[in-house]
Amino acid sequence: MQTTSKEAPTKAGDKFLPLDIAVVGAGLGGLAAAYLLGRAGHRVTVFEAASTITDVGAGIQLSPNVTRLLARWGLGEKVKELAFVPQTLSLRRYKNGEVVGWRKWGEIMERDYGAPYCHIHRADIHNILFEHAKPYINFRPSSTVVSVDPSVPSLTLASGEIIRTQVVIGADGVHSRIRSILVGKPDSATPTGDAAYRTLIPTSLMLKDPELKELVNEGANCWMGPKRHVVGYCVRRKELYNLVLIHPCKGTNETTREVDCDVMRKDFEGFEPRVQKLLSLVDSALVWSLMDRKPLDSWVHKDSKVCLLGDACHPMLPYRAQGAAMAIEDAAVLGNLLSRVTQRNQVPALLQAYQDLRLPRATLAQDESRMNQLTFHLEDGPDQERRDNSMRAAMEVALK
Ligand code: FAD
């Protein structure tokens with residue numbers, strides 16, 4: 001296919017060494033890594049448990065730290081074509097919709113960070129990554145990895161097939177098996193006590209109502225209430241309105257499933273009339289239990305041939321919209337480092353460098369996402385009033 005990456009020339013005279021690399025999981029992080037490593041000239045095989053590339057999620061926010069990378073990798077135009085660029089973010093009081101915090105996004109993001117803040121359908125960004133990766137990878141759907149021998153390294157699939165390789169990247173999400181192998185004991189994700197309803201509303205329905213029309217024409221909205229919050233924004237060039245409704249999780253059911261919309265409406269009864277109107281337009285929604293894990297000390301197995309990436313090593317609450325962003329940043333760093341290999345014995349140091357560069361930043365994003373759970377979900381009372389007053393003060397500065 002192609003030999004060396006344009007981004008990472010090897011030292012003059014040294015010859016790039018292509019490696020056999022197995023990526024476990026074709027989520028956003030795994031596909032981004034596979035694309036970069038394949039494009040650099042490695043022989044990349046992606047093992048995915050699902051039978052096709054599908055994404056059941058709804059919308060996703062892509063902040064400039066990600067859209068800048070996607071543009072650098074040649075995906076920027078395609079993202080712009082399908083995404084929506086919100087002009088503002090409004091943080092609202094749940095009861096009456098009062099804006100207590102406000103930020104200008106749109107052109108300001110491009111000016112300050114060199115790339116736009118985008119809202120996109122998850123399936124769209126997933127397909128964009130897959131289509132770009134496809135020419136450079138061997139894609140193996142319906143291939144659940146059941147175990148890894150880190151010393152070879154080799155993978156065993158559910159079918160019994162054993163695959164020997166040179167490097168394994170565990171990008172198998174929050175319930176990662178590769179993580180348990182790296183940690184050396186069963187290591188399951190823990191429920192956070194929160195769950196998310198996710199649904200999409202055709203904006204054609206909202207445009208018929210002047211109050212909801214305002215929401216379509218504004219940017220992103222976040223209504224903060226006791227123990228719950230609602231996030232709304234447009235995707236697919238404003239054709240659909242994405243709603244994420246965070247609420248306390250009554251059980252620890254981890255499976256994503258269809259939800260009774262009346263139960264969902266009841267959960268948000270105390271929210272302002274526009275949220276009620278939005279919910280009256282919903283006829284189906286899915287619910288996710290939100291899971292978490294403590295930060296790991298190491299993302300690289302001691303034998304230095306297996307590493308983790310994305311939710312497999314740093315799952316986080318989606319309250320800073322940085323989970324996929326951190327997974328794609330991981331891919332950028334790993335892709336860049338491994339595109340410099342000229343000798344096999346460099347791999348341990350490069351994996352260590354990947355971990356050293358990424359672990360502190362991803363751990364911080366995990367911590368800050370947990371902090372937002374506290375900030376967004378304050379009960380009505382003095383702490384909530386202090387939060388709103390400080391947001392109002394920041395808003396006044398932003399409006400000057
Ligand atoms: P995943 O996307 O989970 O992919 C893992 C893949 O591995 C899957 O395809 C799975 O089938 C496969 N797999 C699993 N086990 C195996 C196995 N044994 N063998 C083979 N394949 C396997 N992030 C943002 O940046 N912005 C947002 O706005 C945002 N909003 C969110 C809203 C909600 C409600 C939620 C729940 C999350 C949100 N996130 C957001 C977080 C984001 O979705 C995740 O962080 C991101 O998808 C993680 O990507 P990943 O590639 O690491 O894992």
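Cut-off values and rules
Residues numbered from 1 in each chain as written. Predicted model: local features only at pLDDT ≥ 70, side-chain atom pairs only at ≥ 80, totals over all residues. Heavy atoms only, no water. Pairing = 2+ DSSP bridges. Helix = DSSP H or I, 4+ residues; strand = E, 2+ residues; numbered from the N terminus. Contact = heavy atoms within 4.5 Å. Axes fitted to C-alpha atoms, helices over the stretch in contact; angles between N-to-C directions. Buried < 20%, exposed > 50% of the residue type's maximum accessible area, 1.4 Å probe, protein only. Right-handed = clockwise from strand over helix to strand, strands pointing away. Salt bridge = Lys/Arg side-chain N within 4 Å of Asp/Glu carboxyl O. Phe/Tyr/Trp six-rings, centres within 6.5 Å; stacked < 30°, edge-to-face > 60°. Lys NZ or Arg CZ within 6 Å of the ring centre and 35° of its normal.

Novice: Explain the sheet that holds strand E13 (residues 220–225) here, please?
Specialist: The strands making up a sheet associate through hydrogen bonds between their backbones, and the pairing can be parallel or antiparallel. Pairing in this open sheet of eight strands is mixed, and the strands run E5-E4-E13-E14-E15-E12-E17-E16 from one edge to the other. Each edge of the open sheet carries a strand with a single partner, namely strand E5 (99–104) and strand E16 (257–258). Strand direction decides the pairing type here: strand E4 (residues 88–93) and E13, joined by five bridges, are parallel. Across the sheet, the residue bridging to leucine 91 is cysteine 222, located in E13. Helix H13 (residues 382–399) contacts E4, E5 and E13 of the sheet and is inclined by roughly 35 degrees relative to E5.

Novice: I'm lost on the pairing of strand E2 (residues 43–47) in this one. Help?
Specialist: In terms of burial, E2 is a largely internal element, four of the five residues being buried. As judged from the five bridges shared by strand E1 (residues 20–24) and E2, these two strands associate in the parallel manner. Paired with aspartate 20 across the bridge in E2 is arginine 43. In this region the chain leaves E1, passes through helix H1 (residues 28–40) and returns to the parallel neighbour E2; the handedness of that crossover is right-handed.

Novice: Help me understand the pattern of salt bridges in this model?
Specialist: Should the charged atoms of two oppositely charged side chains come close, the side chains can pair. Under the definition given, this model contains 29 salt bridges. The closest approach of N and O atoms between glutamate 131 and lysine 134, which form a salt bridge, is 3.3 Å. We classify glutamate 131 as partly exposed; its relative accessible area is 45%. In this structure, the salt-bridge partner of glutamate 272 is arginine 274, at a minimum N-O distance of 3.2 Å. Residue glutamate 272 is classed as buried on the basis of its relative accessible area of 4%. A cluster of three or more residues bridged by salt bridges with shared partners is formed by Glu329, Asp330, Arg358 and Arg361.

Novice: What should I look at first to understand the packing of aromatic side chains in this one?
Specialist: In this description, an aromatic ring pair is defined by two values, namely the gap between the centres and the angle between the planes. Inspection of every chain in the model, using the stated rule, returns seven aromatic pairs. Here the aromatic rings of tyrosine 35 and tyrosine 136 are separated by 6.0 Å at their centres, their planes lie at 50 degrees, and the arrangement is tilted. Here tyrosine 136 lies in the loop between helix H5 (122–133) and strand E7 (137–140) and tyrosine 35 lies in helix H1, a separation of 101 residues in the sequence. Among the residues examined, tyrosine 35 registers a relative accessible area of 5% and is labelled buried. Among the aromatic residues, those joined into a ring-pair cluster are Tyr94, Tyr197, Phe268 and Phe271. Positioned over the ring face of tryptophan 288 is arginine 198, at 4.5 Å from the centre of the ring.

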